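An overview of the molecular structure
For reference, the chains in residue letters:
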Amino acid sequence: MRHLLKRLAILILTLWTAVTLNFVIPRLMPGNPAEVILTKFRGQGQVSASQIHAIEIMLGLNSHQTLLQQYLSYWKKVFTFDFGLSYTFYPQPVSALIGQALPWTLVLLGITGVLGFLIGSGLGIITAWRNGTRLDSVLTISSTFTQVFPYFWVAMLAVYVLGYLLQWFPLSQGFSSDMIPSFNMQFLNSALYHSILPAFTILVTSLGGWLLTMRNNMVAVLSEDYMTLAQAKGLKNNKVAVSYGGRNAMLPSLTSFALMIGTLVGGNVIVEQVFAYPGLGNLLFTAVQNQDYPLMQGIFLIIVICVVLANFLADIFMVLIDPRIRREVK
């Protein structure tokens, strides 16, 4: 219980720091959002003070508030998920834009992330158990080979070969352009068909990392005395490899997996940009391009909250599954 309260206090402190930095950093930048928009109109003539004030009111800015008043108002908006209006997609609220893009990212990256972790870790256990065999050599070398290629290179290669030359898959978008998003089989089939190529790219580039990490952890675990004892007792190889070796070797990978789940919310900016996928990563790229501060702040805040919560849940989960940590916290 004391460990849980300690982790909870760290969680609250981390969230407060992240939200405060998310408030402070945009205000350290020169100018304000109204001036950014005005620069786009200055080529069409002089802009008067009343026009500047009108733009500030349109964007929901109040420059007459003190910094403390703005900070308190910002916290109120955080609790109500009111991140203001997007400058790029005006007058759409930022929360609505995030709500539209988030499911696309969660489904695509969530499924591929979990599959990559499970398949990669499983193959890592097999290669470590068969250390030195031909299977180990082939999988280890191929994993090292695929891991060094950056996401964008594999994504563009897949688009060119599988999408352009062979025309097996669509080149871009999350669904057919003649459809309206809805929950019917025709639309879901289209969304699934359009997600195959991005999912394939993410799987190919992420499998190697999980495999090599798990293999290295497993090789270290195999040298432990309890593994020799389990084999001396005559237990089946599958039981020794999975229940004794894999379970302990997977503990370090679980922390990385929890952090990966948190960062998934931010989307894979490069892959989503290459495939013009309507996820959060693509939305973040658009926000940065157009200096859309409210949209950037909203997305960054969602990412930070998810990463911190995922880390907190990983800590609690590790206490539950690892008796050594339970003894330390008592």
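Since this is a predicted model, take the numbers as computed values, not measurements.

Our next topic: the nonpolar core. Core analysis: the largest hydrophobic core is formed by 22 residues, its most contacted members being Ile-98, Leu-283, Leu-295 and Ile-299. Broken down by element, this core gets its largest block of residues, 7 residues, from helix 13 (residues 293-321). Apart from residues lying up to four places away in sequence, Ile-299 is in contact with Ile-98, Leu-280, Leu-283 and Leu-284. Ranked by size, the runner-up nonpolar core spans 18 residues in total, among them Leu-109, Ala-158, Phe-175 and Val-271.

Okay, the side chain of Ser-253 next. Positionally, Ser-253 belongs in helix 10 (residues 237-264). Not counting residues up to four positions away in its chain, the partners in contact with Ser-253 are Phe-117, Trp-210, Thr-213, Met-214 and Asn-217.

Between helix 7 (residues 151-165) and helix 8 (residues 185-222), the shortest axis-to-axis distance is 9 Å and the interhelical angle comes to 135°. By the criterion of interaxial angle, the relationship of helix 7 to helix 8 is oblique. Judged by the twist between their axes, the crossing of helix 7 over helix 8 is right-handed. On the side of helix 7, the interface is formed by Tyr-151, Val-154, Ala-155, Ala-158, Val-159 and Leu-162, while helix 8 contributes Leu-197, Phe-200, Thr-201, Ile-202, Thr-205 and Ser-206.

Moving on, we come to the side chain of Ser-143. Checked against the element boundaries, Ser-143 lands in helix 6 (residues 134-147). Apart from the residues lying within four places of it in its own chain, the contact partners of Ser-143 are Gly-208, Leu-211 and Leu-212.

What follows concerns helix 7. The end-to-end C-alpha distance of helix 7 is 20 Å, a good match for the 21 Å that 15 residues give at a rise of 1.5 Å each. Among the residues of helix 7, those classed as buried are Val-154, Ala-155, Ala-158, Val-159, Leu-162 and Gly-163. Packed against the buried residues of helix 7 are helix 8 and helix 11 (269-274).

Attention shifts here to the pattern of salt bridges. On inspection of all chains with the given rule, the structure shows 1 salt bridge. One salt bridge connects Asp-136 with Arg-215, and the closest N-O pair in it is separated by 2.8 Å. Of this pair, Asp-136 sits in helix 6 while Arg-215 sits in helix 8, placing them 79 residues apart in sequence. Looking at Arg-215, the relative accessible area reads 14%, which means it is buried.

To continue, consider unusual backbone geometry. You will see that Phe-81, though not glycine, has its phi angle at about 55°, which is positive. Structurally, the position occupied by Phe-81 is in the loop between helix 4 (67-79) and helix 5 (94-129). Classification of Phe-81 by relative accessible area gives exposed; the value is 51%.

What counts, and at which threshold
Residues numbered from 1 in each chain as written. Predicted model: local features only at pLDDT ≥ 70, side-chain atom pairs only at ≥ 80, totals over all residues. Heavy atoms only, no water. Core = buried A, V, L, I, M, F, W, Y, C linked by side-chain atoms within 4.5 Å. Buried < 20%, exposed > 50% of the residue type's maximum accessible area, 1.4 Å probe, protein only. Helix = DSSP H or I, 4+ residues; strand = E, 2+ residues; numbered from the N terminus. Contact = heavy atoms within 4.5 Å. Axes fitted to C-alpha atoms, helices over the stretch in contact; angles between N-to-C directions. Parallel < 35°, antiparallel > 145°, perpendicular 65-115°, else oblique. Left-handed = near helix turned anticlockwise from the far one by under 90°. Expected span 1.5 Å × (residues − 1). Salt bridge = Lys/Arg side-chain N within 4 Å of Asp/Glu carboxyl O.

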